[in-house]
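Spelled out, the chains give:
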Amino acid sequence: MSEHKNEDKKVVLSGIRATGNLHLGNYYGALSKFVRMQDDYDCRYFVADLHALTTHPDPGMLHENVKEILAEYLAAGLDPEKNIIYVQSDVPEIAEMYLLMNMHAGIGELMRTASFKDKARKALGITSDSDEIEREICGNQTNRQVNAGLLTYPTLMAVDILIHHADFVPVGKDQEQHLELTRRFGRRFNSFYKTDYFHDAVNFNFGGDAVKVPGLDGSGKMGKSEGNCIYLIDDEKTLRKKVMRAVTDEGPKVPDSEPTEPIRNLFTLMELVSAPDTLGHFRSAYADCSIRYGDLKKQLAEDILKVTLPIRERILDIRGDDEYLSRVVQRGAERARETAARTLREVREIMGIRKF
Ligand code: TRP
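None of the values given here were measured: they were computed from a predicted structure.

Conventions adopted
- Residues numbered from 1 in each chain as written.
- Predicted model: local features only at pLDDT ≥ 70, side-chain atom pairs only at ≥ 80, totals over all residues.
- Heavy atoms only, no water.
- Phe/Tyr/Trp six-rings, centres within 6.5 Å; stacked < 30°, edge-to-face > 60°.
- Helix = DSSP H or I, 4+ residues; strand = E, 2+ residues; numbered from the N terminus.
- Buried < 20%, exposed > 50% of the residue type's maximum accessible area, 1.4 Å probe, protein only.
- Lys NZ or Arg CZ within 6 Å of the ring centre and 35° of its normal.
- Near = heavy atom within 4 Å.
- Polar contact = N/O pair within 3.5 Å; in protein donor to acceptor, adjacent residues only side chain to side chain.
- Nonpolar A, V, L, I, M, F, W, Y, C, P; charged D, E, K, R; others polar.
- Axes fitted to C-alpha atoms, helices over the stretch in contact; angles between N-to-C directions.
- Parallel < 35°, antiparallel > 145°, perpendicular 65-115°, else oblique.
- Left-handed = near helix turned anticlockwise from the far one by under 90°.
- Contact = heavy atoms within 4.5 Å.
- Expected span 1.5 Å × (residues − 1).
- Bend = angle between axes of the 7 residues up to and from the residue.
- Salt bridge = Lys/Arg side-chain N within 4 Å of Asp/Glu carboxyl O.
- Pairing = 2+ DSSP bridges.
- Domains from an automatic or database assignment.
- Buried area = accessible area lost by both parts, 1.4 Å probe.

Chemist: Give a detailed account of the packing of aromatic side chains, specifying residues and quantitative values.
Modeler: The tally for this structure, following the rule as stated, stands at 13 aromatic pairs. Their ring planes at 10° and their centres at 4.3 Å tell us that Phe34 and Tyr45 sit as a pair that is stacked. Here Phe34, found in helix α1 (residues 24-37), pairs with Tyr45, found in strand β2 (residues 42-48); they are 11 residues apart in sequence, far enough to count as distant. Just as Phe34 is buried, Tyr45 falls in that class too. Arranged with centres 4.9 Å apart and planes meeting at 80°, the rings of Phe204 and Phe206 form a pair that is edge-to-face. Every member of this aromatic cluster is reached through a ring pair, and the members are Phe189, Phe192, Tyr193, Tyr197 and Phe198. The ring of Phe206 has Arg36 lying over it, and the distance from NZ or CZ to the ring centre is 3.6 Å. Taking the ring centre of Phe267 as reference, the NZ or CZ of Arg283 above it sits at 4.8 Å.

As structure tokens, this is what we get:
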């Protein structure tokens, strides 16, 4: 079946969970790619508010977060004329198809998903990496943090993607496993119902590798729950302060040594925001041990601000304009629902749900 496909352009679909303001990790992992793809593809971008419910946000906060992310999408340059921009919960077809797709998702594979294990481990206070998790989960029957929505997070994400028959899903490296599950669910559906209805969706990185943006605390990725983020909405002073406080080490002792993780992370950030010769300059200063981390950080802060400050200005403008924001998402929901309703109708039919 190919009538659901736009004949000229590949379909791009992506979203970001509504759990707080967007940071540089979201920007380089996802949002900047969304913007770059908008001229060449049939793009659909949404705010994942149903996914945010898995971690029980305060209702007032969730409401604000959805608005913030929308404003950030638009401020970063997503054009509502070129893209379909919508809020996930405005498309009820997604919720229905999620129910249907859950019939084909195995509890075992969902429990073994890294994102689920991480959250479950944190909620239950387990430190080991073993099967203990499964035992603990069963022993802890009313732990609301380890809820069925969290377990089936990948099913909902698969439906977000499959309902649009997306070809490309620009996301950061941490989402690769969810994409793999999406392909698995789509293929399983096809083989169970002897159809070729769904096709594989893949990540999109403009020919490079998936980006992993490090945090400022010396190790690991930038993440809301790690408290190591630079936000698009950070003002100049806050941002400079954060960068100047980034973890470093005592400095290279011998020429041409391998940088430690905190320093590698600063270089990785610099690769994203700075000009190649700036990066080259600090790399050779590191190699000949003349580097001063204070200078490196000052330059890094400067170059980050060049990216974020103009976006910040626009966020401040747009987020106060409720009327504009609601016009954008109403139109977006209408357009998203055209495809979603058709897919849901076809899926129901394939699965044998009553037609008469
Ligand atoms: N899981 C993604 C994240 O945490 C958000 C998301 C939900 C998403 N549904 C999606 C991303 C569909 C791409 C496609 O960032």
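Chemist: Summarise the site of the ligand; cite the residues concerned and give the values.
Modeler: Lining the immediate environment of the ligand, one finds 14 residues, of which Gly15, His51, Tyr153, Asp160 and Gln175 sit closest. With respect to the ligand, the side chain of Arg17 contributes an N or O atom lying 3.4 Å from an oxygen atom. One nitrogen or oxygen atom from the side chain of Asp160 is found 2.7 Å from a nitrogen atom belonging to the ligand. Broken down by secondary-structure element, the contributors of at least two residues to the shell around the ligand are β1 (11-17), β2 and α9 (153-162). Here the shell around the ligand is built from residues that sort into eight nonpolar, four polar and two charged.

Chemist: Lay out the packing of helix α4 (residues 92-102) against α9 in plain terms, naming residues and giving numbers.
Modeler: Across the interface, α4 lies against α9 with an axial gap of 9 Å and an inter-helix angle of 120°. In this view, α4 runs oblique relative to α9, as classed from their interaxial angle. Handedness of the crossing formed by α4 with α9: right-handed. For the pair α4 and α9, the contacting residues are Ile94, Met97, Tyr98, Met101 and Asn102 in the first and Thr155, Leu156, Val159, Asp160 and Leu162 in the second.

Chemist: Outline the side chain of His165, listing residues and values.
Modeler: Assignment of secondary structure puts His165 in the loop between α9 and α10 (176-193). Accessibility expressed as a relative area gives 3% for His165, which makes it buried. In terms of polar contacts, His165 uses its side chain to reach the side chain of Tyr197, at 3.2 Å.

Chemist: Tell me about helix α15 (residues 322-351), and name the residues and values.
Modeler: Two residues of an α-helix separated by three or four positions point the same way, owing to the 3.6 residues in each turn. Between its first and last C-alpha, α15 extends 41 Å over 30 residues, near the 44 Å set by a 1.5 Å rise per residue. At Arg337, α15 shows its largest kink, close to 30°. Inspection of α15 places Leu325, Val328, Val329, Gly332, Ala333, Ala336, Thr339, Ala340, Thr343, Leu344, Glu346 and Val347 among the buried residues, and these make up the whole buried set. Downstream of α15 by a residue or two, Gly352 has a phi angle that is positive, lying close to 90°.

Chemist: Run through the pattern of salt bridges, naming residues and quoting values.
Modeler: Inspection of every chain in the model, using the stated rule, returns 21 salt bridges. In this structure, Lys253 and Glu250 form a salt bridge, with 3.8 Å as the shortest nitrogen-oxygen distance. Each of the two residues, Lys253 as well as Glu250, counts as exposed.

Chemist: If you had to explain the sheet that holds strand β3 (residues 84-87) to someone new, which residues and values would you point to?
Modeler: Taken in spatial order, the three strands make up an open sheet running β1-β2-β3, and their pairing is parallel. Whereas interior strands pair on both sides, the edge strands pair on one side only; in this sheet they are β1 and β3. The sheet shows a mean angle of 15° between the axes of neighbouring strands, taken without regard to direction. As paired strands, β1 and β2 are joined by seven bridges and run parallel to one another. Bridge pairing links Arg17 to Ala48 in β2. Relative to β1, α1 is tilted by about 145°, and along the sheet it contacts β1 and β2.

Chemist: Before we move on, could you go through the pairing of β3 and cite the residues and values that matter?
Modeler: Alternating residues of β3 divide into Ile84 and Tyr86 and Ile85 and Val87, and every residue in both groups is buried. As defined by bridge partners, β2 adjoins β3 across four bridges and the pair is classed as parallel. When the bridges of β3 are listed, Val47 appears paired with Val87.

Chemist: Before we move on, can you summarise the domain arrangement of the chain with the specific residues and values?
Modeler: Parsing the chain into structural domains produces domain 1 (11-211 + 321-351) and domain 2 (224-315). Taking the mean C-alpha position of each, domain 1 and domain 2 sit 31 Å from one another. Contact residues are listed per partner, giving 16 residues for domain 1 and 14 residues for domain 2. A buried area of about 1,400 Å², summed over both sides, lies between domain 1 and domain 2, and 69% of it is on carbon and sulfur atoms. Broken down residue by residue, the surface that domain 1 buries against domain 2 is led by Leu24, Tyr28 and Ala75, which jointly contribute 40%. In this structure, the connection of domain 1 to domain 2 is made through zero salt bridges. On inspection of domain 1 and its partner domain 2, the count reaches four residue pairs in polar contact (both at pLDDT 80 or more). If you list the elements that add at least two residues to the side of domain 1 that touches domain 2, you get α1 and α3 (59-76). Residue contributions to the side of domain 1 that touches domain 2 peak at five residues, all from α1.

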